[in-house]
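Chain and residue survey
This is what each chain is made of:
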Amino acid sequence: MRLALVILSLTLAAAPARAETRFFAYDPADRLTRALTGPLTFEVELGLFGRTTLRRLYSTARTGQADLTVGSPVGVRELLGRDAVEGTVYGIALTGQGRPLTRALCPGADEAWLAFAPVRAARPARARAVGRWSDGVFRECAQLSWTFRGEWSVLPTPDPTGP
């Protein structure tokens, strides 16, 4: 029993070292998602017990990326509802292409968040976009969905001879 506790303790202590970064590519599953985001690659950190955390979104068709941060103001969670399937909320950083993504998802909003259902390899992904306007009001902007296209251990580089 004691040996099992020692092994379990060592396993849990080493868990952060086992986090692995993967890249999941997705194609839009509907017209709205195609118009707002196009195909995307998600940078995903795989953690202990299959937990996934999104770190960044990359445009698969164009150059561009947006950093994501875990968490949101209370107003986003209240708008989504306590029973929302989209349990993990990510803030879109306004650096790089984050501001244009925010404007595309929530025209007129000052900030935006994406609430994702659990992201898993070989499964469709879906998210709800929520924005906050200058008057402080939170509004849902769009429901997005993608179909899984593939997984990479490193970010694919664009073909320089391609379109």
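The structure reproduced in this document is the subject of the present report.

Quick notes on the rules
- Residues numbered from 1 in each chain as written.
- Predicted model: local features only at pLDDT ≥ 70, side-chain atom pairs only at ≥ 80, totals over all residues.
- Heavy atoms only, no water.
- Disulfide = S-S within 2.5 Å.
- Helix = DSSP H or I, 4+ residues; strand = E, 2+ residues; numbered from the N terminus.
- Core = buried A, V, L, I, M, F, W, Y, C linked by side-chain atoms within 4.5 Å.
- Buried < 20%, exposed > 50% of the residue type's maximum accessible area, 1.4 Å probe, protein only.
- Phe/Tyr/Trp six-rings, centres within 6.5 Å; stacked < 30°, edge-to-face > 60°.
- Lys NZ or Arg CZ within 6 Å of the ring centre and 35° of its normal.
- Pairing = 2+ DSSP bridges.

The full count for this structure, using the stated rule, is 1 disulfide. Here Cys106 connects covalently by a disulfide to Cys141, the sulfurs 2.0 Å from one another. Judged by the sign of its S-S torsion, about 110 degrees, the cystine formed by Cys106 and Cys141 is right-handed. Of this pair, Cys106 sits in the loop between helix 4 (98-105) and strand 6 (111-116) while Cys141 sits in strand 8 (residues 138-152), placing them 35 residues apart in sequence.

Glancing now at the nonpolar core. Counting 26 residues, the largest nonpolar core has Phe42, Leu114, Phe116 and Trp146 as its most contacted members. With 7 residues, the next largest nonpolar core counts Val76, Trp113, Val130 and Phe138 among its residues.

Right, let's talk about the packing of aromatic side chains for a bit. Overall, the coordinates contain 9 aromatic pairs when judged by the stated rule. Pairing Phe42 with Phe116 gives two aromatic rings, centres 5.5 Å apart and planes at 80 degrees, and the pair type is edge-to-face. On the criterion of sequence distance, the pair formed by Phe42 in strand 2 (residues 40-46) and Phe116 in strand 6 is long-range, its members being 74 residues apart. Residue Phe42 shares its accessibility class with Phe116, and that shared class is buried. Ring geometry for Trp113 against Phe138: centres 5.8 Å apart, planes inclined by 50 degrees, an arrangement best described as tilted. A residue pair is termed long-range when its members are at least 10 positions apart, and Trp113 in strand 6 and Phe138 in strand 8 qualify at 25 residues. Here Trp113 and Phe138 have matching classes, each one buried. Clustering of aromatic rings is evident, with ring pairs tying together Phe24, Tyr26, Phe42, Tyr90, Phe116, Trp146 and Phe148. It is Arg139 that lies over the ring of Trp133; its NZ or CZ is 4.9 Å from the centre.

This brings us to the pairing of strand 7 (residues 125-132). Counting buried positions over the 8 residues of strand 7 gives 6, a clear majority of the element. Pairing of strand 6 with strand 7, which is carried by 6 bridges, proceeds in the antiparallel orientation. Note on strand 7: the bridge partner recorded for Glu111 is Arg132. Sheet topology places strand 7 next to strand 8; 8 bridges connect them, and they run antiparallel. What sits directly across from Arg128, in strand 8, is Gln143. The hairpin formed by strand 7 and strand 8 contains 5 residues between the paired strands, and Gly136 there has a positive phi angle of roughly 85 degrees.

Moving on, we come to the pairing of strand 2. Each regular strand carries side chains that alternate between the two faces of the sheet. Counting buried positions along strand 2 gives 5 out of 7 residues, so the element sits mostly inside the fold. Across 7 bridges, the pairing between strand 1 (residues 20-28) and strand 2 is antiparallel. Bridge pairing in strand 2 links Phe23 to Glu43. Inspection of the sheet shows strand 2 paired to strand 3 (residues 52-59) by 7 bridges, in the antiparallel sense. When the sheet's bridge partners are listed, Glu43 is paired in strand 3 with Arg56. In this structure, the hairpin formed by strand 2 and strand 3 is closed by a connection of 5 residues, where Phe49 is found at a positive phi of approximately 60 degrees.

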